[in-house]
Amino acid sequence: MRIDGYGRIDRSERLRFSFDGQWYVGHPGDTLASALLANGVRLMGRSFKYHRPRGPMTAGPEEPNALVEMGEGAARIPNVRATVQELFGGLKATSQNRWPSLAVDLLGINNLAAPFLGAGFYYKTFMWPAAFWEKVYEPAIRRAAGLGAFSREADPQRHERAFAFCDVLVIGAGPAGLIAARVAAEAGAQVILADEGVGPGGRLLSESEAVGGAPGADWAATELARLKAMPNVRWMPRTTVTGAYDGGIFGALERVAEHVPHDPALPRTCFWRIATGAAIMATGALERPIAFPGNDRPGIMTASAVRAYLHRWGVVPGKSIALFAANDHARRTAKDLALAGVEIAAIIDPRPDAPPLDGIDAPHFGGARVTGTAGRLGLRRIMVNGHRWIAADALAMSGGWSPSVHLACHMGAKPVWDAERGAFLPPAAGSRGAVPNLIPAGAAAGHFDTAGCLASGHAAAAQALELVGRSEQTIELPEAEDQAGSSTLYFHVGGEKGRAWLDFQNDVTVKDVALSAQEGFISVEHMKRYTTQGMAPDQGKSSNVAALAVLAEKTGRTIPETGTTTYRPPFTPVPLGALGAGAEQKGYAPERFTTSHEATIARGAPMIEAGLWYRPSYFPAEGETTWRQSCDREVGMVRTAVGVADVSTLGKIELCGPDTGAFLDLVYASRFSTLKVGRTRYGIMLREDGHVMDDGTTARLAEDRWVMTTTTAAAGQVMAHLDMVQQCFAPRMAVRFTSTTDGWAQFAVAGPRSPDLLSRLLDGGHDASAFPFMACGAVAIGGTAARLFRISFSGEHAYEVAVPARFGAALWDRLVMLAEELGGGPYGMEALNVLRIEKGFPTHAELHGRVTAFDLGMQGMMSTKKTFVGKAAASRPGLVDRDRERLVGLKPVRPGGRLLAGAHLFEPGDAAIRVNDKGYLTSACHSPTLGHDIALGFAVRGPQRHGDRMVVVDHLRDLRTEVEVTGPVFLDPQGTRART
């Protein structure tokens, strides 16, 4: 089915490929669809519900029918569009959704049951008996559902993700996009030109028209060569911009190695996040099919697809081709085919006044319709006006064009119906939900002639340049075709028997939409879900507008009154592997190491995970054989001398701006705007539901500069929370913040001899009396700028010293050496945990998401003089009920009594069963300072129980211990040690 003298493929080289086990030959530049058509293969798939034979209907990414499985075994990829898949030597493709074969599909029996399987049949059929749903109906439906199938094995192919920035992103390299890119580039802007195709030109590759006196495809190649020679232009072929997001960010999928045999050195795809100053949407338009009885047989295509196969690949879908169209644009298909020597079986035009085409010896039917088709596995005949059969093995159809407006609607805006063009156009700039700084151009903006596209691209570039602060460089536009021709809206052939298909992938017909309207599902969103129209992998690209038109007709409304469904990213399917690239194994849970990690390992410290960080459990000394010996020694060292610990894993968020104080007042339960420069304050922040999210300290380094610390586990959560608060509650506050957790190494220096250590460490020494509790300030260590905070997580006189991370390893070595000289040394997480439990300090063991400030005994920190996130919710009666489980301390009544976190509390004498549960333990340890086990936990009416006895029970670990309920602070309840 090749036509000599046509196509832009290399026929000098032959590529062998297989489809369903049969080997064929194609050429470089072919797609799988064009190569199969060239070999006379039109049947490429089966439909979803009725398993009807299907072949390619389009030549691009909107293809609903020709879906195949690529590859074998674990590398198998389902639902690949044969019209997009480039051919390479050794390619193996398999048809899907058929059994036992594509030509003989026994599941095609569904087609015979079509009268019983109309829209919504499952809603009515599977209602009774109710017990059958889980055991019979659902399993059967799940087995029958779907098109292709995954292998269920790990994907052996690699994916990548990448980031890019540009002043102007041009989406689409058709005539409008090429001109827009050139205008922007010559103005000095950084330009990215992305196109989902292999080369430039867009629809010019599928036409015979000239641009600037040269064939359109050659003109496009020349323009691209000029752009690629410019240092400020990046050309990104095989890249589909899939979605528009906040902040001028666009997602794009680059098909890196889907056009070559598997190469382990290459990723299969790369998902790009592109930050832009402005974007030009030159995404073109999609041709609409016409719904008529039997319009889904292999061999029936859109008119533009037939031209594309002829001009791009030198292929025709049949030897005798008919045309059914209601617009002049599609008539060039018949002209181009006739010039190529292909027989034109008939020209059918619904417009009564449509004249015959000059120079084409073929029957012309004006004011006529195609009312039926015949052919088991492919088209053989068409019926005109209900009575005349015409032999034809292919039919080109066109119901007009729909601009590809999807990206412009990804933030919620609705497209606007244009009655003159008979199409939905992008929403107006500045309208609700419109994508900021996204400018439509070319066919995407409703310009269907080449000259109009070129002018539109030039104007869009000028607008984009103004947005990014650059001046336009006017260029001369080439001469091009400037007549789009007349067109009449024509969506479906009415009044005929038989099924006329709208959504080819999901087997939705005109009758299905009519039934939806008849049964009261007249909202376009309800119709979509009742019929499943537009819910297949192609997301209704070729069917949405026609389905809306049918719904409008059946409900007596206009198309704009009927409205549209919601457009959501992605525009085309994106592999999950691309979205999650790098997020497997260590990428899924990366190992984060502190600057002291190597020195810690060298001391033989066992490492434990804290969030994604690795921190030392304890530092074994010579002669110590158990972790308890090391832990007890480290605790005593901090209580009597000095210890150092790496606390770099704490989240660190720096905030700046004149409204930072007010912003912190909104985030924290207590007031922070009154905090003086050089001071630090402890605070808790609540979620919107009134529960405690995290606690930590925030220091004011300067009038407009602050640094917040969070717990290790909640650093990312707090950062996301700040983003939410700013965007939703304080969009006009002048405040900016960024995470600097990795930028600073921070170390705790704790114990009564900590001032002595700092005197030896800091340039100029250290005067503890001049640096009171909760002070902060700048210091220097060996000439290096550092930060000093007098805060304590141990209850002792303590500090935290922070230096830029590159100095962290050196400072750790210095701190350990000085501590050992003073009778101390490093301490790990076990000792740190004991120290904080002795002082009753909560961590995320206590702040587990279900507790309130009231539960923690911190209700006094909730300011009554200002508003803050979670304030109203935290005041709900249920969250301040005195009978709630509230924080307490617990100690064993008898010597040697054991306490374990996770155990539950019961009244003495009560059976240890769920209904008698009175609380639970969150943290427990042996306190070497007190000489017995202690624990923190939550008990019903906790504060009222101080001095009471309860029983701790853990059935799993066979624990039963009688305890006394105390306050949560076991050591130095007045805080004298930390303050003096």
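Basis of the calculations
Residues numbered from 1 in each chain as written. Predicted model: local features only at pLDDT ≥ 70, side-chain atom pairs only at ≥ 80, totals over all residues. Heavy atoms only, no water. Helix = DSSP H or I, 4+ residues; strand = E, 2+ residues; numbered from the N terminus. Buried < 20%, exposed > 50% of the residue type's maximum accessible area, 1.4 Å probe, protein only. Contact = heavy atoms within 4.5 Å. Areas by Shrake-Rupley, 256 points an atom, 1.4 Å probe, with all protein chains shown as cover. Lys, Arg positive; Asp, Glu negative; His and termini not counted. Charge placed at Lys NZ, Arg CZ, Asp CG, Glu CD. Pairing = 2+ DSSP bridges. Polar contact = N/O pair within 3.5 Å; in protein donor to acceptor, adjacent residues only side chain to side chain. Axes fitted to C-alpha atoms, helices over the stretch in contact; angles between N-to-C directions. Parallel < 35°, antiparallel > 145°, perpendicular 65-115°, else oblique. Left-handed = near helix turned anticlockwise from the far one by under 90°. Core = buried A, V, L, I, M, F, W, Y, C linked by side-chain atoms within 4.5 Å. Salt bridge = Lys/Arg side-chain N within 4 Å of Asp/Glu carboxyl O. Phe/Tyr/Trp six-rings, centres within 6.5 Å; stacked < 30°, edge-to-face > 60°. Lys NZ or Arg CZ within 6 Å of the ring centre and 35° of its normal. Expected span 1.5 Å × (residues − 1). Nonpolar A, V, L, I, M, F, W, Y, C, P; charged D, E, K, R; others polar.

Engineer: Sorry if this is basic, but what is going on with the overall build of the chain here?
Structural biologist: Scanning the chain from terminus to terminus reveals 24 helices and 50 strands. Viewed in the frame of its principal axes, the chain has a C-alpha envelope of about 105 × 70 × 55 Å. The 980 residues of the chain split such that 57% are buried. Contacts spanning at least 24 positions in sequence make up 67% of the contacts within the chain whose residues lie at least 6 apart. Of the roughly 40600 Å² of accessible surface on the chain, 53% is carried by carbon and sulfur atoms. In the chain, 102 side chains carry a positive charge and 101 a negative one; their mean positions are 4 Å apart.

Engineer: Quick question: what am I supposed to make of the pairing of strand S2 (residues 22-26) here?
Structural biologist: Each regular strand displays side chains that alternate between the two surfaces of the sheet. Relative to S2, strand S1 (residues 15-19) runs antiparallel, the two being bridged by 5 bridges. Paired with Arg16 across the strands is Val25, a residue of S2. Between S1 and S2, which pair antiparallel and follow one another directly, the connecting turn spans 2 residues, one of which, Asp20, has a positive phi of 55°.

Engineer: What exactly am I supposed to notice about the side chain of Asn295 here?
Structural biologist: On the secondary structure map, Asn295 appears in the loop between strand S16 (285-287) and strand S17 (300-302). Among the polar contacts made by the side chain of Asn295, one reaches the main-chain carbonyl oxygen of Ile290 at a distance of 3.0 Å. When sequence neighbours within four positions are dropped, the list of residues in contact with Asn295 reads Ile290, Ile300, Met397, Ala500, Trp501 and Phe504.

Engineer: So what exactly am I meant to see when it comes to the packing of helix H5 (residues 175-186) against helix H6 (residues 216-228) here?
Structural biologist: When two helices pack together, their arrangement is captured by the angle between the axes and the distance separating the axes. Across the interface, H5 lies against H6 with an axial gap of 10 Å and an inter-helix angle of 25°. Compared by their axis directions, H5 and H6 come out roughly parallel. The two elements H5 and H6 meet at a crossing, and its hand is left-handed. Facing Pro175, Leu178, Ile179, Ala181, Arg182 and Ala185 of H5, the residues of H6 in contact are Trp219, Ala220, Glu223, Arg226 and Leu227.

Engineer: Just to check I follow, could you spell out the nonpolar core for this structure?
Structural biologist: Within the largest apolar cluster, 52 residues are counted, with the highest numbers of intra-cluster contacts made by Phe17, Leu32, Leu36, Met70, Leu91, Tyr309 and Leu337. A total of 7 residues in this core trace back to one element, the largest contributor, which is helix H7 (residues 303-313). Sequence-distant contacts of Met70, that is, excluding residues within four places in its chain, are made with Ala75, Arg76, Ile77, Val80, Gln85, Phe88, Leu91, Lys92 and Ala93. By size, the runner-up hydrophobic cluster in this structure holds 36 residues, among which are Ala176, Ala181, Val191 and Val211.

Engineer: Just checking my understanding: could you explain the environment of Ala500 for this structure?
Structural biologist: Structurally, Ala500 can be placed in the loop between helix H9 (450-467) and strand S29 (501-503). The buried category is assigned to Ala500, whose relative accessible area is 8%. Separated by 193 residues in sequence, Ala500 and Met693 place their C-alpha atoms 57 Å apart. Setting aside chain neighbours within four positions, we find Ala500 in contact with Ala291, Phe292, Pro293, Asn295, Val508, Thr509 and Val510.

Engineer: I would appreciate a short explanation of the sheet that holds strand S23 (residues 388-391) in the present structure.
Structural biologist: Sheet strands pair by backbone hydrogen bonding; their relative direction is either parallel or antiparallel. In spatial order, the strands read S21-S22-S23; together these 3 strands make up an open sheet with antiparallel pairing. Every other strand in the sheet has two partners, leaving strand S21 (370-374) and S23 as the edge strands with one partner each. Neighbour-to-neighbour, the strand axes of this sheet turn through a mean angle of 25°, independent of strand direction. Sheet topology note: the strand S22 (residues 381-384)/S23 ladder contains 4 bridges and is antiparallel. Paired with Met383 across the two strands is Trp389, which belongs to S23.

Engineer: Before we go on, may I ask you to explain the pattern of salt bridges in this structure?
Structural biologist: Side chains carrying opposite charge are able to pair once their charged atoms draw close together. One pass over the structure, following the stated rule, counts 50 salt bridges. With a closest N to O distance of 3.4 Å, Arg182 and Glu223 form a salt bridge. A residue pair is termed long-range when its members are at least 10 positions apart, and Arg182 in helix H5 and Glu223 in helix H6 qualify at 41 residues. The exposure class assigned to Arg182 is buried, which follows from its relative accessible area of 12%. Its salt-bridge partner being Glu553, residue Lys554 comes within 3.8 Å of it at the nearest N-O pair. Residue classification places Lys554 among the partly exposed positions, given a relative accessible area of 41%. One salt-bridge network, held together by shared partners, links Arg203, Glu207, Glu209, Arg307 and Arg332.

Engineer: For this particular structure, what's the right way to read the pairing of strand S32 (residues 607-610)?
Structural biologist: Bridge count between S32 and strand S33 (residues 613-616): 4 bridges; the pairing is antiparallel. Within the sheet, the bridge partner assigned to Glu609 lies in S33 and is Tyr614. Linkage of S32 to S33, two consecutive antiparallel strands, is achieved through a turn of 2 residues, within which Gly611 is found at a positive phi near 70°.

Engineer: Where do I start with the side chain of Glu796 in this structure?
Structural biologist: Here Glu796 shows up in the loop between strand S42 (784-789) and strand S43 (798-804). You can call Glu796 buried: its relative accessible area is 3%. Side-chain polar atoms of Glu796 contact the side chain of Arg977, separated by 2.7 Å. With near-sequence residues (within four places) excluded, Glu796 lies in contact with Val638, Arg639, Gly751, Pro752, Arg977 and Ala978.

Engineer: Where do I start with the environment of Pro289 in this structure?
Structural biologist: Here Pro289 shows up in the loop between S16 and S17. Looking at Pro289, the relative accessible area reads 6%, which means it is buried. Each C-alpha atom, one on Pro289 and one on Pro156, is 38 Å from the other, the two residues being 133 residues apart in sequence.

Engineer: Even after reading the chapter, I still don't get the packing of aromatic side chains, so can you show me in this structure?
Structural biologist: Any aromatic ring pair is given by two values, namely how distant the centres are and how the planes are angled relative to each other. The tally for this structure, following the rule as stated, stands at 15 aromatic pairs. Measuring from centroid to centroid gives 5.6 Å for Phe593 and Tyr614, while their planes differ by 45°, and the two rings are tilted. Placement of the pair is Phe593 in strand S31 (residues 592-593) and Tyr614 in strand S33, with a sequence separation of 21 residues. Using a relative accessible area of 41% as the deciding quantity, one classes Phe593 as partly exposed. The class for Tyr614 is buried, based on a relative accessible area of 18%. Here the aromatic rings of Tyr668 and Phe672 are separated by 4.2 Å at their centres, their planes lie at 20°, and the arrangement is stacked. Residue Phe672 is classed as buried on the basis of its relative accessible area, which comes to 0%. Grouped by ring-pair contacts, the aromatic residues Phe292, Phe324 and Tyr490 constitute a single cluster. Cation over ring: Arg16 sits above Trp23, and NZ or CZ is 4.5 Å from the ring centre.

Engineer: Help me understand helix H16 (residues 627-640), please; the structure alone is not making it clear to me.
Structural biologist: Residue pairs spaced three or four apart in an α-helix point in one direction, given the helix's 3.6 residues per turn. Given a rise of 1.5 Å per residue, 14 residues ought to cover 20 Å, and the 20 Å separating the end C-alpha atoms of H16 matches this to within 8%. Within the sequence span of H16, burial applies to Ser630, Cys631, Glu634, Val635, Met637, Val638 and Arg639.

Engineer: Looking at this model, I keep getting lost on the environment of Thr843. Mind explaining?
Structural biologist: Considering the arrangement of structural elements, one finds Thr843 in the loop between helix H21 (829-838) and helix H22 (853-856). With 148 residues separating them along the chain, Thr843 and Asp695 place their C-alpha atoms 8.1 Å apart. Discounting chain neighbours no more than four positions away, the residues touching Thr843 are Phe793 and Arg836.

Engineer: Looking at this structure, I do not really get the sheet that holds S1. What am I missing?
Structural biologist: Taken in spatial order, the 5 strands of this open sheet run S2-S1-S7-S5-S6, and their pairing is mixed. Each edge of the open sheet is held by one strand with a lone partner, namely S2 and strand S6 (77-81). With strand direction ignored, the average angle separating the axes of adjacent strands in the sheet is 40°.

Engineer: Any chance you could explain the packing of H7 against helix H8 (residues 328-339) here in plain terms?
Structural biologist: H8 packs onto H7 with a crossing angle of 35° between their chain directions and a minimal axis gap of 9 Å. Considering how the two elements wind past one another, H7 and H8 form a crossing that is left-handed. Contacts between H7 and H8 involve Ala303, Val306, Arg307, Leu310 and His311 from the first element and His329, Ala330, Arg332, Thr333, Asp336 and Leu337 from the second. For the contact of H7 with H8, the class distribution of residues is 5 nonpolar, 3 polar and 3 charged.

Engineer: Teacher, can you tell me more about helix H11 (residues 524-531) here?
Structural biologist: Summarising burial for H11: 6 of the 8 residues are buried, a large majority. For H11, the complete set of buried residues consists of Val524, Glu525, Met527, Lys528, Tyr530 and Thr531. On its buried face, H11 sits against helix H3 (121-125), strand S30 (508-509), helix H10 (510-518), helix H12 (544-555) and helix H13 (559-562). One or two steps after H11, the chain reaches Thr532, where phi turns positive at roughly 70°.

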